[in-house]
Amino acid sequence: MQRTTTSGKRPPRLARSLLWRMSATFIACLLVFGTAFHFLVVAPATQTLARVQLDLSTRHIQSEAERSFHRLETQLRTASSWGQAGRIRLDDVAGFNALMTPLLTSDAQISSIHLADTDGREIMVKREPDGWHNRITQPATPNKGSHWLHWSATGKQLDEEWKDERYDPRTRPWFEAAQKAAGDDLPAWTAPYQLLTTGDGGITVSTRWRGIDGKTRVLAFDVLLADLSRLTVDTPVGERGGSAILTDAGEVVGVPRYPRFANLSDRRDAVLQPATALNVDFLTHGYAHWLDAGQKGESALKFENENETWLAQFVPLRLGEQQWWVGGFAREADFIPARLRDVA
């Protein structure tokens, strides 16, 4: 009777043991499948999407910036042809304004336009909120400084004044750049600098030609770098990523999409600062990693930022003889496909 009782209890124990083993095997299979799914499906898909989006964003900024530079050069050539034909002259302020103010009106990137010669004479027209300002420099009128004219948007003269300022256009970066160009009618770009007309960070494209009197004329367009930042600010990379345009020396000429740069005034303060001085986490770490990698290639590089995996990519941007860089930065987690996010 005792053997019968003992043998009758064994099947439940065996069933429970088999059930636990099957459950453990099932859970282990789920874990293995989940791990394999993550590394074989989710992670590669995330990396591929992040790299594709990063490349699209940086290439978009690169192509748009180059198109903008080429457009400005074309406009400069057109305007210089007017000068060579005698349609814009240093002794005709009204004629100069009639042809140059429409350029300022139609192209927001151009903040001011200069026409100067090797005698030091100059006419400058600058956009203002309520119209235009001219600065007229005539070295032949000593001790009087520069003559300033203020015009309304409709062309009515509002006021004029003489400013006792020691200004010589021949010492400005744009005049020197045009003089150093390989030939006449060739666009020459300055390095980024503080524009004298506005005090903002900018660049200037200029060209030269020789007049019928044998004197060289220089025509120049000032371009605000804050306007260049519209490309980078308006091009997000995922939810948290962004892009920036840097000089070869690491100065910021196009600020990244970041909450601190939502206002135009904040962008103006940020341009021409070193990339590391902006205190933008992904820019600081991504730029440092790219430098450590030797600035090689245009492929995406992985780096760590705030304990997360990010990607950085830098593509070249030519501006005349200068080498600039478009840098893009993406957080990998932003690119997990929606259907895989819950599974992952």
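Residues numbered from 1 in each chain as written. Predicted model: local features only at pLDDT ≥ 70, side-chain atom pairs only at ≥ 80, totals over all residues. Heavy atoms only, no water.

Time to look at the overall build of the protein chain. Across its full length, the protein chain carries 7 helices and 14 strands. For the protein chain, the residues scored as buried account for 46% of the 344 residues in total. Considering only intrachain contacts with a sequence separation of at least 6, the fraction spanning at least 24 residues in the protein chain is 52%. Total accessible area computed for the protein chain in this model is approximately 17,900 Å², and 55% of it derives from carbon and sulfur atoms. (Helix = DSSP H or I, 4+ residues; strand = E, 2+ residues; numbered from the N terminus. Buried < 20%, exposed > 50% of the residue type's maximum accessible area, 1.4 Å probe, protein only. Contact = heavy atoms within 4.5 Å. Areas by Shrake-Rupley, 256 points an atom, 1.4 Å probe, with all protein chains shown as cover.)

Taken in spatial order, the 5 strands make up an open sheet running E11-E10-E14-E13-E12, and their pairing is antiparallel. Each end of this open sheet is capped by a strand with a single partner; those strands are strand E11 (252-254) and strand E12 (301-305). Neighbour-to-neighbour, the strand axes of the sheet open up by a mean angle of 40 degrees, direction not taken into account. Sheet analysis places strand E10 (residues 242-247) next to strand E14 (residues 322-331), joined by 6 bridges and oriented antiparallel. (Pairing = 2+ DSSP bridges. Axes fitted to C-alpha atoms, helices over the stretch in contact; angles between N-to-C directions.)

A separate point is unusual backbone geometry. Unlike most non-glycine residues, Asn-279 shows phi in positive territory, near 60 degrees. For Asn-279, a relative accessible area of 59% gives the class exposed. The residue Glu-306 is not glycine, and still its phi comes out positive at about 55 degrees. With respect to the element layout, Glu-306 can be found in the loop between E12 and strand E13 (308-319). You can call Glu-306 partly exposed: its relative accessible area is 49%.

Moving on to the layout of surface pockets. Unoccupied space between atoms shows up once a probe the size of one water molecule is rolled over them. For the largest pocket, the calculated volume is near 310 Å³. What lines the largest pocket is a set of 16 residues, and nearest its centre among them are Gly-83, Gly-86, Gly-211, Ile-212 and Arg-217. Among the residues making up the lining of the largest pocket, the classes are represented as 6 nonpolar, 4 polar and 6 charged. Roughly 250 Å³ of internal volume is contained in the second largest pocket. Residue lining of the second largest pocket: 14 residues in total, with Ser-111, Arg-127, Thr-198, Leu-224 and Arg-268 positioned closest to the centre. Elements with a contribution of two residues or more to the lining of the second largest pocket: strand E2 (122-128), helix H4 (225-233) and helix H5 (264-270). (1 Å grid on protein atoms, 1.4 Å probe; cavity = no way out; pocket = protein on both sides within 12 Å on 5 of 7 lines; lining within 4 Å. Points joined across faces, edges and corners; volume = space filled by probe spheres on them. Nonpolar A, V, L, I, M, F, W, Y, C, P; charged D, E, K, R; others polar.)

Looking now at the nonpolar core. Within the largest apolar cluster, 64 residues are counted, with the highest numbers of intra-cluster contacts made by Phe-69, Met-100, Ile-113, Leu-283 and Trp-324. Considering each element in turn, this core owes the most residues, 7 residues, to helix H1 (residues 2-84). In this structure, Leu-283 is in contact with Ala-244, Pro-256, Ala-275, Leu-278 and Phe-329, ignoring residues within four places of it in sequence. Core analysis: the next-biggest nonpolar cluster, separate from the first, contains 10 residues, Ala-116, Trp-174, Phe-175 and Leu-195 among them. (Core = buried A, V, L, I, M, F, W, Y, C linked by side-chain atoms within 4.5 Å.)

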